[in-house]
Amino acid sequence: MNLAELVDRTSVDALDHLERQSTVPVVDGLQAQGDLIVIPFSMLDSPPDDVPDRDVPPEGVHLVAGLNGGNPHVLVADPGTCRWSTGRDLAVVENTAPVYLLHPEHGGTGIAAGRWLIRRQWSAAGLVAD
């Protein structure tokens, strides 16, 4: 999958400085994209009980809408390969094939098949927590 293919499948465009024909790497481990962190369930001491109960549609799911000047984060998957849910954290994702996060400034990142917790970074009183 390359960045141009991700952009074509979603309503999100990547900034011009990103190479559209570059292949999006797929990572099988802890990763971050902007203010999101993707954590394998195997790294969690106490994984959430959330059961992914919704299919990711072909055009993707906006995990972060990108309102008020922020940028969206869109989860993109081939049909029938990924289910997701929301709960205490931003999302629980279970996928049988690589899925991708698309962000206008950062481009795309790939997530290997597995079960994942996606959290959003937040800050309070000048401290940052993931």
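Above this text sits the structure in question.
Model, not experiment: these values are computed from the prediction. (Residues numbered from 1 in each chain as written. Predicted model: local features only at pLDDT ≥ 70, side-chain atom pairs only at ≥ 80, totals over all residues. Heavy atoms only, no water.)

J.: Tell me what's going on with the overall build of the protein, and back it up with residues and numbers.
T.: Scanning the protein from N- to C-terminus turns up one helix and 13 strands. In the protein, which comprises 130 residues, the share counted as buried stands at 45%. The long-range fraction of contacts in the protein, counting pairs at least 24 apart against all pairs at least 6 apart in sequence, stands at 58%. Looking at the protein as shown, the accessible area adds up to about 6800 Å², and 50% of this sits on carbon and sulfur atoms. (Helix = DSSP H or I, 4+ residues; strand = E, 2+ residues; numbered from the N terminus. Buried < 20%, exposed > 50% of the residue type's maximum accessible area, 1.4 Å probe, protein only. Contact = heavy atoms within 4.5 Å. Areas by Shrake-Rupley, 256 points an atom, 1.4 Å probe, with all protein chains shown as cover.)

J.: Outline the side chain of Thr81, supporting the account with residue identities and numerical values.
T.: Examined against the element boundaries, Thr81 turns out to sit in the loop between β6 (73-76) and β7 (82-85). On the accessibility criterion, Thr81 (14% relative accessible area) is buried. Apart from the residues within four sequence positions on either side, Thr81 is in contact with Glu94, Asn95, Thr96 and Ala97.

J.: Before we move on, can you summarise the nonpolar core with the specific residues and values?
T.: Judged by nonpolar contacts, the single largest core of 17 residues is most densely connected at Leu63, Leu75, Trp84 and Val93. Broken down by secondary-structure element, the contributors of at least two residues to this core are β3 (36-40), β5 (61-64), β7, β8 (91-95), β9 (99-103) and β11 (114-120). For this core, the element with the highest residue contribution is β5, accounting for three residues. Sequence-distant contacts of Leu75, that is, excluding residues within four places in its chain, are made with Val56, Gly60, Val61, Leu63, Cys82, Trp84, Val93, Val99, Tyr100 and Leu101. Val7, Val12, Val74 and Leu102 belong to the second-largest nonpolar core, a separate cluster that totals eight residues. (Core = buried A, V, L, I, M, F, W, Y, C linked by side-chain atoms within 4.5 Å.)

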